[in-house]
Amino acid sequence: MNNPLASLSQQIASTVEKTAQCVVAVHGRPRFDSSGVVWKPGIIVTADHTLRRDEDLHITAPDGSRVAAELAGRDPGTDLAALRVPKLELPALPRGPKTALRPGEFAIAAGRSKDSAIAAFGVVGSLSGPSQTWRGGRLDQVVRLALNLHPGAEGGAVVDSEGTFAGIATSALSRFAVFAIPLETVDRVVGKLLEHGRMPRAYLGVGLQPVAIPEHLKSKLNLPAASGLIVVSVDPDAAAGRAGILIGDILVELAGRALKSPEHLQEALDADSIGKPVPTRIVRGGEGMTIEIVPGERPRRA
């Protein structure tokens, strides 16, 4: 007599076993190891928050061999880090046809310790569109998982019930949920990390606060929304200051995108906008005008 629970259990175990062949243990913090996914030959992607040091990094491969790794770059904003491991001869985790995840579908997080594979089983809790993280990075989709993630599985691979690679597991982007950092985000960020060693972010050099715009002014100037961002401080040596932005100006649109909150501004600016003129609609003294701002790169903290 067929036992459906036993069959499901075997299928999950087989999926974890197969996925874990492309996952390594990452040794970059005390007490707990974390996991990393083979992104392409010689490149491992892991969760940035699990790396407590930049040097003396090692990984343990599925066959138990321990290999030195070099930090290629890290981005706290999206909680991603890339490691170079030239001597590692493991295949990248294959990607299946792109399918849309749905809330309620099974989700499996596969990680690895130095001794064995690590598994977490749950469901896709919820999905939402692009969003800025509390760390300042941008996710192309927010994928919340309803599962209990072992610390050692942080940075591991999230796959669906078919074993299709869906993202990188992390618990650092929310106090209440485990996220799967989507592949589109990982592709974008890791490409920049391998090129620059960091994730460049555009910077205007202004302090902003949301402000309501009177309906008569909105109608008069044909504004996209009844709110904008009022400038409360300007760095004269940064992009906005050089473009002539003044304290009291209200930014209402950037590159054709309405600005209702500071988050909208960050979403409208990405690494590709650095050094390129961006048309910005403002309200100054009750009149509308457009100023071109050339964003610089956000200064790195010491």
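In this report, we go over the structure that sits alongside the text.

1. Describing the overall build of the protein chain
Along its length, the protein chain carries five helices and 22 strands. Referenced to the eigenvectors of the C-alpha coordinate spread, the extents of the protein chain come out at roughly 75 × 45 × 30 Å. Sorting the 302 residues of the protein chain into buried and exposed places 46% on the buried side. Taking all contacts inside the protein chain whose residues are at least 6 apart in sequence as the whole, residues at least 24 apart take part in 60%. Total accessible area on the protein chain stands at roughly 14900 Å², and carbon and sulfur atoms take up 51% of it.

2. Thoughts on the sheet that holds strand β3 (residues 43–47)
The antiparallel closed barrel is built from six strands, whose spatial order is β1-β2-β3-β6-β5-β4. Taking each pair of neighbouring strands and ignoring which way they run, the sheet shows an average axis angle of 45 degrees. As defined by bridge partners, strand β5 (residues 66–75) adjoins strand β6 (residues 80–84) across five bridges and the pair is classed as antiparallel. Counted as the bridge partner of Gly73 is Ala82 from β6. In the packing of helix α2 (residues 183–196) onto the sheet, the strands contacted are β2 (34–40), β3, β5 and β6, and the crossing angle to β6 comes to about 55 degrees.

3. Description of the environment of Cys22
Here Cys22 shows up in the loop between α1 (4–20) and β1 (23–27). You can call Cys22 buried: its relative accessible area is 6%. For the pair Cys22 and Arg284, spaced 262 residues apart in the sequence, the C-alpha separation amounts to 56 Å. Setting aside its immediate chain neighbours within four residues, Cys22 contacts Gly36, Val37, Val38, Pro91, Ala92, Leu93 and Pro94.

4. Section: empty space enclosed by the protein
Inspection of the entire model under this criterion finds one cavity of 30 Å³ or more. A volume near 180 Å³ is recorded for the largest cavity. Every residue lining the largest cavity is counted, 15 residues in all, and those nearest its centre are Arg138, Arg201, Gln266, Leu269 and Asp270. Each residue belonging to the lining of the largest cavity can be placed in one class, and the counts come to five nonpolar, five polar and five charged.

5. Concerning α2
Taking 1.5 Å per residue as the helical rise, α2 with its 14 residues ought to reach 20 Å, and the 20 Å between its terminal C-alpha atoms agrees with that figure. Listed as buried for α2 are Leu183, Thr185, Val186, Val189, Val190, Lys192 and Leu193. Immediately downstream of α2, the backbone of Gly197 shows phi near 85 degrees, a positive value.

6. Brief notes about the side chain of Asp249
Relative to the assigned elements, Asp249 resides in the loop between α4 (239–243) and β18 (250–254). For Asp249, the side chain forms a polar contact with the main-chain nitrogen of Leu246, separated by 2.8 Å. Looking at Asp249, its side chain comes within polar contact range of the side chain of Arg284, at 2.8 Å. Setting aside its immediate chain neighbours within four residues, Asp249 contacts Leu229, Ile230, Val231, Gly244, Ile282, Val283 and Arg284.

7. Some remarks on the sheet that holds strand β11 (residues 142–146)
Within the closed barrel, the six strands sit side by side as β7-β8-β11-β14-β13-β12. Their pairing is antiparallel. Ignoring which end each strand starts from, the neighbouring axes of this sheet average 40 degrees apart. Two strands pair when backbone bridges link them, and strand β7 (residues 106–112) and strand β12 (residues 157–160) are joined in this way by four bridges, in the antiparallel orientation. Pairing of Ala109 across the sheet is with Val158, part of β12. Sitting on the sheet, α1 touches β7, β8 (117–128) and β12, and the angle it makes with β7 is about 45 degrees. Sheet contacts for α2: β13 (165–170) and β14 (178–182); angle to β14, the most-contacted strand, approximately 60 degrees.

8. Digging into the nonpolar core
Membership of the largest hydrophobic core comes to 25 residues, with the highest contact counts inside it found for Trp39, Phe165, Ile168 and Val186. No other element matches α2, which puts five residues into this core. Those residues in contact with Phe165 that sit more than four places away from it in its chain are Val37, Trp39, Leu93, Pro94, Arg95, Ala157, Val158, Val159 and Leu183.

9. Considering the pattern of salt bridges
Under the criterion given, the structure shown has twelve salt bridges. Between Asp187 and Arg95 there is a salt bridge, with the nearest N and O atoms lying 2.8 Å from each other. Of this pair, Asp187 sits in helix α2 while Arg95 is found in the loop between β6 and β7, placing the two residues 92 residues apart along the sequence. For Arg95, a relative accessible area of 43% puts it in the partly exposed group.

10. A closer look at the packing of aromatic side chains
Taken as a whole and assessed by the stated rule, the structure comprises two aromatic pairs. When the centroid spacing of 6.0 Å and the interplanar angle of 70 degrees are considered together, the rings of Trp39 and Phe165 count as edge-to-face. With a gap of 126 residues between them, Trp39 in strand β2 and Phe165 in strand β13 connect regions that are remote in the sequence. The exposure class of Trp39 is buried, given its relative accessible area of 12%.

How each quantity is defined
Residues numbered from 1 in each chain as written. Predicted model: local features only at pLDDT ≥ 70, side-chain atom pairs only at ≥ 80, totals over all residues. Heavy atoms only, no water. Helix = DSSP H or I, 4+ residues; strand = E, 2+ residues; numbered from the N terminus. Buried < 20%, exposed > 50% of the residue type's maximum accessible area, 1.4 Å probe, protein only. Contact = heavy atoms within 4.5 Å. Areas by Shrake-Rupley, 256 points an atom, 1.4 Å probe, with all protein chains shown as cover. Pairing = 2+ DSSP bridges. Axes fitted to C-alpha atoms, helices over the stretch in contact; angles between N-to-C directions. 1 Å grid on protein atoms, 1.4 Å probe; cavity = no way out; pocket = protein on both sides within 12 Å on 5 of 7 lines; lining within 4 Å. Points joined across faces, edges and corners; volume = space filled by probe spheres on them. Nonpolar A, V, L, I, M, F, W, Y, C, P; charged D, E, K, R; others polar. Expected span 1.5 Å × (residues − 1). Polar contact = N/O pair within 3.5 Å; in protein donor to acceptor, adjacent residues only side chain to side chain. Core = buried A, V, L, I, M, F, W, Y, C linked by side-chain atoms within 4.5 Å. Salt bridge = Lys/Arg side-chain N within 4 Å of Asp/Glu carboxyl O. Phe/Tyr/Trp six-rings, centres within 6.5 Å; stacked < 30°, edge-to-face > 60°.

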